[in-house]
Amino acid sequence: MKEKFVFNKGFNLEDKFVYVSSPASKSKKKYVQKENYIENTYNDETKDFDYISIITKKKYEEGITVRTKCSFDKFGAPLIVLTNDYKQMEDGTHQYGLYFEVVAYENGCNVWHIVPGKDAKNPIDVTKVNAIEFPIEDKSIIDMEVTVKEKKIYIHVNNKTFVAEHDEIPNQMHVGITACEGINQFYEFEIDESWRNVIL
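This one's a predicted model, so the numbers in the text were calculated from it and none came from an experiment. (Residues numbered from 1 in each chain as written. Predicted model: local features only at pLDDT ≥ 70, side-chain atom pairs only at ≥ 80, totals over all residues. Heavy atoms only, no water.)

K.L.:
I would appreciate a short explanation of unusual backbone geometry in the present structure.
P.N.:
In terms of backbone geometry, most residues other than glycine have negative phi values and most peptide bonds are trans. Within the chain, E150 stands out as a residue other than glycine whose phi angle is a positive 55 degrees. Following the sequence through the fold, E150 ends up in the loop between β16 (142-149) and β17 (152-157). Located in the positive-phi region is N158, a residue other than glycine, with phi close to 50 degrees. In this structure N158 comes out as partly exposed when scored by relative accessible area, which is 27%. (Helix = DSSP H or I, 4+ residues; strand = E, 2+ residues; numbered from the N terminus. Buried < 20%, exposed > 50% of the residue type's maximum accessible area, 1.4 Å probe, protein only.)

K.L.:
Looking at this model, I keep getting lost on the packing of aromatic side chains. Mind explaining?
P.N.:
Each aromatic ring pair is specified by the distance between its two centres and by the angle formed by the two planes. Taken as a whole and assessed by the stated rule, the structure comprises eleven aromatic pairs. Seen in terms of ring centroids, F5 and F17 are 5.2 Å apart; in terms of plane orientation they differ by 75 degrees. Their pairing is edge-to-face. On the criterion of sequence distance, the pair formed by F5 in strand β1 (residues 2-6) and F17 in strand β2 (residues 17-19) is long-range, its members being twelve residues apart. The class of F5 is buried, set by a relative accessible area of 7%. The class of F17 is buried, set by a relative accessible area of 2%. Note on F7 and F11: the rings are 5.7 Å apart at their centroids and 65 degrees apart in plane angle, and the pair reads as edge-to-face. Three or more aromatic residues link up through ring pairs in this structure, and these residues are F5, F7, F11, F17 and F189. (Phe/Tyr/Trp six-rings, centres within 6.5 Å; stacked < 30°, edge-to-face > 60°.)

K.L.:
I would appreciate a short explanation of the layout of surface pockets in the present structure.
P.N.:
In this approach a probe as big as a water molecule rolls over the atoms, and the regions it shows empty are the leftover space. Its boundaries defined by the atoms lining it, the largest pocket holds a volume of some 500 Å³. If you trace the largest pocket, you find 26 residues lining it, with Y51, E101, I124, C180 and E181 closest to the centre. Breaking the lining of the largest pocket down by element, the ones donating at least two residues are β6 (48-49), β13 (99-105), β14 (108-119) and β15 (122-133). Tallying contributions element by element places β13 first for the lining of the largest pocket, with four residues. Residue composition of the lining of the largest pocket, grouped by class: 14 nonpolar, six polar and six charged. (1 Å grid on protein atoms, 1.4 Å probe; cavity = no way out; pocket = protein on both sides within 12 Å on 5 of 7 lines; lining within 4 Å. Points joined across faces, edges and corners; volume = space filled by probe spheres on them. Nonpolar A, V, L, I, M, F, W, Y, C, P; charged D, E, K, R; others polar.)

In structure tokens:
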């Protein structure tokens, strides 16, 4: 079974997705809808680019493949996020506990394991699981694909491939996208629940 979401005008984002913030988020803004994509913006109040993340309301079993088409202006870090750990806060918003990020940026792709930190000065504890270096041009369309299976994330970014492995990769998960560190655009998001063999 495949589900494909195209982020153009007319798509009701919050029908299928829920906004979730990092414990380190400085704001809780929502995506700006453009003609055929969604994007984050620079926030004059925080003097930083808004970190905006959405995940599926539906939970999926391992074996899924997730794809997105995205881009960034000048610099950025559009990413695919995986989690089975988030909670509702007192103000009605949602916040991540343990989550994984597969992040494209101008010098390649990183995979991060992230958990809440010990205090306000250290709101998140971040560990790099794996990475690959190669150039990604700004304003270019980035094709990202991840398959999650047996505590491994198989990653394909612009025909570059590598694998990240971690004991805390969930067997069931919500999946989504996050705009981070610059202006990021997302054009579409696809979830494929059919099992497959990944050849790297």
